[in-house]
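Architecture and fold: a report
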Amino acid sequence: MLPPVPSLEDYGISPEHGFLSPESPLEVLPDPYYAKWEAVVANLQPLLLSKRVRGLVDRLPILSTTHLQTDAEWRRAYVVLVFMLHGYVWGGDRPAERVPPQLTVPLFEVCERLEVPPVATYAGVCLWNYKPIFPDEPASDLDNLACLQTFTGSLDEQWFYLVSVAIEARGAPTIPLMLQAISAARVGKAGVVTECLQQMAEILDEITALLQRMYDNCDPYIFYNRIRPYLAGSKNMADAGLPKGLLYDDGRNQPEYRQYGGGSNAQSSLIQFFDIVLGIEHRPTGVGRNASDESKSRHSFIHDMRAYMPGPHRRFLEDIDSIANIRAFVETHRADPALRLAYDACLSMLRAMRDKHIQIVSRYIILQSRGARGSTHSAGSDQPPATNLATANPTDKKKLRGTGGTALIPFLKQARDETGEPAIDAWARRLLSNGPMDAASASLSKVGEHPDGHLEVVGLCGTWTADDSEGGICHW
Ligand code: HEM
Ligand SMILES: N[C@@H](CC(=O)c1ccccc1NC=O)C(=O)O
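Residues numbered from 1 in each chain as written. Chains lettered and ligands numbered in written order. Predicted model: local features only at pLDDT ≥ 70, side-chain atom pairs only at ≥ 80, totals over all residues. Heavy atoms only, no water.

**A word on the overall build of the chain**
Keep this limit in mind: Counting from the N terminus, the helices are the DSSP runs of H or I reaching at least four residues and the strands are the DSSP runs of E reaching at least two. Each residue is assigned to one of three classes by its accessible area relative to the maximum for its type, calculated with a 1.4 Å probe on protein chains only: buried under 20%, partly exposed between the two thresholds, exposed over 50%. We call two residues contacting when some pair of their heavy atoms lies within 4.5 Å. Method for areas: the Shrake-Rupley scheme with a 1.4 Å probe, in which residue coverage is limited to the protein chains shown.
A tally of regular secondary structure across the chain gives 20 helices and 8 strands. A burial count over the chain gives 55% of its 476 residues as buried. When contacts within the chain are restricted to residue pairs at least 6 apart in sequence, long-range pairs at least 24 apart make up 75% of them. Entry remark: accessible area of the chain is about 20,200 Å², with carbon and sulfur atoms responsible for 52%.

**Describing the nonpolar core**
Defined as follows: In these notes, a set of buried Ala, Val, Leu, Ile, Met, Phe, Trp, Tyr and Cys residues joined through side-chain atoms within 4.5 Å is what counts as a nonpolar core.
Counting 136 residues, the largest nonpolar core has Trp37, Met84, Met178, Leu197, Leu278 and Phe316 as the members making the most contacts within it. It is helix H17 (residues 337–371) that provides the largest number of residues to this core, a total of 15 residues. When near neighbours in sequence (up to four residues on either side) are disregarded, Leu278 contacts Leu197, Met200, Arg327, Tyr343, Cys346, Leu347 and Leu350.

**Quick word on the packing of helix H1 (residues 35–42) against helix H4 (residues 71–90)**
Stated formally: Axis angles are defined between N-to-C directions and span 0 to 180 degrees, where every axis is a line fitted to C-alpha atoms and, for a helix, only to the segment in contact. For this classification, under 35 degrees means roughly parallel, over 145 means roughly antiparallel, 65 to 115 means roughly perpendicular, and everything else is oblique. For any pair of crossing helices, the crossing counts as left-handed if the nearer helix is rotated counterclockwise from the farther one by less than a right angle, and right-handed if it is rotated clockwise. Gly counts as polar in this scheme, as do all residues outside two lists: the nonpolar Ala, Val, Leu, Ile, Met, Phe, Trp, Tyr, Cys and Pro, and the charged Asp, Glu, Lys and Arg.
Across the interface, H1 lies against H4 with an axial gap of 10 Å and an inter-helix angle of 55°. Between H1 and H4, the angle falls in the class oblique. The element H1 and its partner H4 pack so that their crossing is left-handed. Of the residues in H4, those in contact with Trp37, Glu38, Val40 and Val41 of H1 are Arg76, Ala77, Val80, Leu81, Phe83 and Met84. When the residues that make up the contact of H1 with H4 are grouped by side-chain class, the tally is 8 nonpolar, no polar and 2 charged.

**Remarks on the site of ligand 1**
What counts here: Here a residue is considered near a molecule or strand provided that any single heavy atom belonging to it is located within 4 Å of it. Think of a polar contact as two N or O atoms within 3.5 Å of one another; within protein, one of them needs to be a possible hydrogen donor and the other a possible acceptor, and neighboring residues in sequence only count if both atoms come from side chains.
Neighbouring ligand 1 are 28 residues, the closest being Asn265, Arg354, His357, Gly404 and Thr406. The separation between an oxygen atom of ligand 1 and a polar side-chain atom of Ser264 is 3.1 Å. Within the side chain of Arg354, one N or O atom sits 2.6 Å away from an oxygen atom of ligand 1. Of all the elements in the fold, those that place two or more residues in the shell around ligand 1 are helix H7 (155–171), helix H14 (301–304), H17 and helix H18 (409–417). Here the shell around ligand 1 gets 6 residues from one element, more than from any other, and that element is H17. Looking at the shell around ligand 1, its residues break down into 18 nonpolar, 9 polar and 1 charged.

**Details of the coordination of the iron atom of ligand 1**
For a metal with four tetrahedral donors the ideal donor-metal-donor angle is 109.5 degrees, while six octahedral donors give ideal angles of 90 or 180 degrees. Selection rule: In this listing, donors mean N, O and S atoms no farther than 2.8 Å from the metal, or 3.2 Å for Na, K and Ca; water is missing from the atoms, so a site can look incomplete.
Donation to the iron atom of ligand 1 from the protein comes from one atom only, His357 (NE2), at 2.0 Å. Mapping His357 onto the fold places it in helix H17.

**A few points about the site of ligand 2**
Taken together, 14 residues lie near ligand 2, and Ser164, Arg228, Gly263, Asn265 and Thr403 sit nearest. The contact in question runs from an oxygen atom of ligand 2 to an N or O atom on the side chain of Arg228, over 2.5 Å. Within the contact set of ligand 2, an oxygen atom lies 3.2 Å away from a side-chain nitrogen or oxygen of Asn265. For ligand 2, whose accessible area on its own is 410 Å², the fraction buried by protein is 89%. Put simply, the parts of the chain that give the shell around ligand 2 at least two residues each are helix H6 (122–127), H7 and helix H11 (220–231).

**Remarks on the UniProt feature "binding site: heme b" (unreviewed entry) in the chain**
Quick note on the threshold: UniProt positions are given in the numbering used here, feature names are shortened, and annotations may be inferred rather than shown by experiment.
With numbering matched to this structure, UniProt assigns "binding site: heme b" (unreviewed entry) to His357. Judged by its relative accessible area of 28%, His357 falls in the partly exposed class. What His357 contacts, discounting residues up to four positions off in sequence, is Leu211 and Leu412.

**Re the packing of H4 against helix H5 (residues 101–114)**
The N-to-C vectors of H4 and H5 enclose an angle of 135°; their axes lie 9 Å apart at closest approach. Judged by the inter-axis angle, H4 sits oblique to H5. Both H4 and H5 take part in a crossing whose hand is left-handed. Residues Asp71, Trp74, Arg75, Ala77, Tyr78, Leu81, Val82, Met84, Leu85 and Tyr88 of H4 form the contact with H5, whose participating residues are Leu103, Pro106, Leu107, Glu109, Val110, Cys111, Arg113 and Leu114. Residues belonging to the contact of H4 with H5 are distributed by class as follows: 14 nonpolar, no polar and 4 charged.

**Focus: the packing of aromatic side chains**
In plain terms, the rule: When the centres of two rings from Phe, Tyr and Trp lie within 6.5 Å, Trp using its six-membered ring, the rings pair. Their planes under 30 degrees apart give stacked, over 60 give edge-to-face, and anything left gives tilted. Lysine NZ or arginine CZ positioned within 6 Å of the ring centre and within 35 degrees of the ring normal marks a charge as sitting over the ring.
A complete count under the given rule lists 15 aromatic pairs for this structure. On the numbers, 4.8 Å between centres and 45° between planes, the contact of Phe160 with Phe223 is tilted. Here Phe160, found in helix H7, pairs with Phe223, found in helix H11; they are 63 residues apart in sequence, far enough to count as distant. A relative accessible area of 22% means that Phe160 is categorised as partly exposed. Cation over ring: Arg54 sits above Tyr88, and NZ or CZ is 6.0 Å from the ring centre. Above the face of the Tyr248 ring, Arg258 is positioned so that its terminal group lies 5.6 Å from the ring centre.

**Things to note about unusual backbone geometry**
Backbone geometry places Lys51, a non-glycine residue, at a positive phi of 55°. With phi around 60°, Glu115 is a residue other than glycine that occupies positive phi space. Mapped onto the elements, Glu115 comes out in the loop between H5 and H6.

**Quick look at the sheet that holds strand E1 (residues 98–99)**
Test applied: Strand pairing is defined by DSSP finding a minimum of two bridges between the two strands.
With respect to topology, 3 strands assemble into an open sheet ordered E1-E4-E5, the strand pairing being mixed. The open sheet is flanked by E1 and strand E5 (256–258), the only strands paired with a single partner. As paired strands, E1 and strand E4 (residues 246–248) are joined by 2 bridges and run parallel to one another. For Val99, the partnering residue across the bridge sits in E4 and is Tyr248.

**Quick word on H18**
Looking only at H18, the buried set comprises Ile409, Phe411, Leu412, Gln414, Ala415 and Arg416. As for H18, its buried residues are in contact with H14 and H17.

Set out below in structure tokens:
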């Protein structure tokens, strides 16, 4: 018997908000018992710039979690604690290697409850860190979003998180939609599957448009030099001054070194959901920096990122993994061109999103790292900080890593290349804007390479050539 199609409430997921906090995240912890935590994070920007965070955190009492009541309060506590944690670690001339019990003790309890690691994850800085300005209007509208907590107080940082929030909100309806498609595929309703996939492709296209809005209000220089240093984790951080990771001191046991990856959108359950439901498989990729790391990294990095998602979201992905049937359904219905088209359109849209993302990474990280000068200054000062993930020697390309620890471009290119066929992008886009074509004109007769090296698609309705240069500034 087939496993049941999951019910979203069981995983803390809502059809409207998807993986975002089901109710608007709390702006402050209501119990005055936590006033000192809230006071630190309310003043984080000046405290970081004047390097006073460590002193203040060291003077905090070790607060108990017994005064946290609702789920929203536990999530707010996590947000507050991870912003304090990263401020504490990265907000000085050198990173602090030891995390004091004032942070460690409550953080471990909060993390156990929420089933997240003790590091600033995507959930902490994006999913649980926003508010709709008008609560009755959608969170997918970037103009209706505000951010609760930042390190720098900058619009750039708020925007960096909010673009992801808007994407999560816009993508939320794909969750019930694809569950419907899975159910329809089980009973052979190809028409329903096709309609669901068509809607999915439209939403994926809108998500790419939202991704492009990163440029509106997040400046690449500010991102790379001011914001990004605070997002770093403790894995692969030898160059930044944490060769063994962080010592989480709980004041009771002998502190031990631990290493966690920093925040990354690879921790977004939504994007992983797209891959799983469409049957896109990511092969193992090399994320390590030496031979032993490399062999350890046989597991896909993307899969490993599930450990950084809130427990219920992680379990949801695992359960979807075991029932995803759409790719197989499309393969067994090869003779249904509308179905194939709708499926291919989804792959194309997702691939187009990854293309735009690579362009963003080249502008916000690669180009910025080339402009960086070596410096011993800390995060937030006028010079790029010594703790910058770009490393002290930015000309050494080998050391450039994502906050998640990947070697950036090879990893991202692989993820993109595993997402379908490049040559049908424009074709599927045309399909979306013009509505479905008839079966004969829609079927591709040839995908090949033009003599000048461009990709060429010969369809029955004409020839389309891709030069892959649309808006690109770096070619890989
Ligand atoms: C300035 C903005 C951004 C930069 C610089 C950036 C950078 C990166 C980097 C370096 C990685 C590699 C993993 C790691 O080591 O961390 C990554 C992964 C990823 N990012 Fe971004 N990112 C940005 C914004 C976004 C946004 C808004 C999205 C939302 C769609 C996104 C989606 C992803 C996904 C899904 C992955 C995992 C790889 C994949 O599935 O293709 N990123 N990002
Ligand atoms: N991986 C990115 C950081 C990143 O994408 C990210 C980090 C924390 C929270 C959200 C993130 N992505 C968001 O838009 C980097 O290496 O800079």
